[in-house]
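A closer look at the structure
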Amino acid sequence: MDGIIKLMYITIIVIWYIVFISFLMIIYFLNMKPYKSKYMGTKIKSFPSKLKPVELSMLLYKKITSEVFTASILTLINNQNISIKKDKKDYILTLNTNNNNELDKNQKYIIDILFGTIVKSNSVKLSEIENYVNNKANATDLFTNHYIWKRMAQSETFQTYYYEPKIGYRLIIIYKYISALLVIINFVTGYHLLFAYALIILSIVLKLFFYSSYKRTKKSNDEYYKWISFKNYLLTLDNEPIELDDEQTLDYLIYSSVLGATNNLRNDIFDGMDEFTIKLNEIITKGIFTATLFAQRKIKWK
């Protein structure tokens, strides 16, 4: 009789493994499988819409990447809040105090970081930015400032809905509690079957899979593939003859930064600004990484 009960118990465990796979598939189809788009695999020769760097990053990656900080500085240059000139192998960024363009909070904070923290002047060299972010003594300040800036930038996208609400949370709860019950039975009966105890791990995996899943809305999914199509164009731009004014040139560099295509741009139209963008992005990315490793995390919100 005990043998039959144990066999029934083992059968239930096996079924519960199958249920785990089934739940994974259900969550994938509900919350991950993208809508089809006619823009998949195409090339678009101009950026699809005038998105802010933070908006594009949220659309593409559902987070704010370090490239957004670089792109935001380029945006300030494009809006003439900051002017730039090359000085031998260096670059000088100068704050235009007479510019009356209205700035977002996160843009104001970038200006405070560049001209109030890194230097206390209206001009800062790219080499000074590099020295600041590479100095481990500045890691905590840099980490804090970047964290606050990212919170500000993200708050400006709260009213933009790129992703669908998640469905299927009840499946996670059902699997969790039944798995817990089966593990308790395994312990109380003295079976101590390892693959039964492993249900705890499966329950955690299912929960993590659910929380890491996301699905763009049908509209934003088309927008996503339009931007990927624009990226495909940028990656094959080479020295194709194109006509861009100064503002459009910077727009291309701003969006290529967020798209992760800057290092592949090869066109004389950018007149050295692509080189500046690549250097700036390398400095910012490395600095944020260093700050994350060595900063003392004592950020407090009052």
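Here is a short report on the structure shown in this document. Remember, it's a predicted structure, so these values are computed and weren't measured experimentally.

What about the overall build of the chain?
- The number of helices and strands found in the chain is twelve helices and three strands.
- Relative to the 2.2 N^0.38 estimate, which gives 19 Å for 302 residues, the radius of gyration of the chain is 26 Å and therefore markedly larger than a compact globule would have.
- Here the chain, with 302 residues, has 43% of them falling under the buried criterion.
- For the chain, the proportion of contacts with a sequence separation of at least 24, taken over those separated by at least 6, is 78%.
- Element-wise, carbon and sulfur atoms account for 58% of the exposed surface of the chain, whose accessible area totals about 17,500 Å².
- Mean positive and mean negative side-chain charge positions of the chain (38 and 27 charges, respectively) differ by 12 Å.

Considerations on the pattern of salt bridges
- Evaluation of the coordinates by the stated rule reveals four salt bridges.
- Between Asp251 and Lys50 there is a salt bridge, with its nearest N and O atoms 2.7 Å apart. On the criterion of sequence distance, the pair formed by Asp251 in helix H11 (residues 246-259) and Lys50 in the loop between helix H1 (2-31) and helix H2 (53-61) is long-range, its members being 201 residues apart.
- Given a relative accessible area of 5%, Asp251 falls into the buried group.
- Where Lys279 meets Glu275, a salt bridge forms, and the shortest distance between an N and an O atom there is 3.1 Å. Within this pair, Lys279 and its partner Glu275 are both found in helix H12 (residues 273-294), separated by four residues, close to a single helical turn.
- Assessed through its relative accessible area of 29%, Lys279 is described here as partly exposed.

Looking at the packing of H2 against H11
- Two numbers describe how H2 lies on H11: the axes approach to 10 Å, and their chain directions differ by 30 degrees. Relative to H11, H2 is oriented so that their crossing is right-handed. Within the contact between the two elements, H2 uses Pro53, Leu56, Ser57, Leu60 and Tyr61 and H11 uses Ile254, Tyr255, Val258 and Leu259.

What to know about helix H5 (residues 126-134)
- For H5, the full list of buried residues reads Leu126, Ile129, Tyr132 and Val133. The buried residues of H5 occupy an angular sector of 120 degrees when projected down its axis, which confines them to one face.
- Its buried side turned inward, H5 meets strand S2 (90-95), helix H4 (105-118), strand S3 (123-125), helix H6 (139-155) and H12.

Notes on the sheet that holds S2
- The strand order S1-S2-S3 describes an open sheet built from three strands, whose pairing is antiparallel. One side of each edge strand has no neighbouring strand; the edge strands of this open sheet are strand S1 (82-87) and S3. Neighbour-to-neighbour, the strand axes of the sheet open up by a mean angle of 20 degrees, direction not taken into account.
- Pairing between S1 and S2: six bridges, direction antiparallel. Residue pairing across strands places Lys86 opposite Tyr91, the latter belonging to S2.

Overview of the nonpolar core
- In terms of nonpolar packing, the biggest core is built from 68 residues, with Leu56, Ile129, Trp227, Phe230 and Phe276 touching the most fellow members.
- Beyond its immediate chain neighbours, meaning those up to four positions away, Phe276 contacts Leu74, Ile77, Ile84, Tyr91, Leu93 and Leu126.
- Judged by nonpolar contacts, the second largest core, of 18 residues, contains Val19, Phe23, Ile27 and Leu193.

As for unusual backbone geometry
- Its identity as a non-glycine residue notwithstanding, Gln80 has a phi of 65 degrees, on the positive side.
- Take Gln80: it is sitting in the loop between helix H3 (66-78) and S1.
- Positive phi values are uncommon outside glycine, yet Asp271 reaches one of about 50 degrees.
- Position of Asp271 relative to the elements: it lies in the loop between H11 and H12.
- When its relative accessible area of 69% is taken as the criterion, Asp271 is described as exposed.

What counts as what
Residues numbered from 1 in each chain as written. Predicted model: local features only at pLDDT ≥ 70, side-chain atom pairs only at ≥ 80, totals over all residues. Heavy atoms only, no water. Helix = DSSP H or I, 4+ residues; strand = E, 2+ residues; numbered from the N terminus. Rg over C-alpha atoms; globule rule 2.2 N^0.38 Å. Buried < 20%, exposed > 50% of the residue type's maximum accessible area, 1.4 Å probe, protein only. Contact = heavy atoms within 4.5 Å. Areas by Shrake-Rupley, 256 points an atom, 1.4 Å probe, with all protein chains shown as cover. Lys, Arg positive; Asp, Glu negative; His and termini not counted. Charge placed at Lys NZ, Arg CZ, Asp CG, Glu CD. Salt bridge = Lys/Arg side-chain N within 4 Å of Asp/Glu carboxyl O. Axes fitted to C-alpha atoms, helices over the stretch in contact; angles between N-to-C directions. Left-handed = near helix turned anticlockwise from the far one by under 90°. Arc of directions from axis to C-beta. Pairing = 2+ DSSP bridges. Core = buried A, V, L, I, M, F, W, Y, C linked by side-chain atoms within 4.5 Å.

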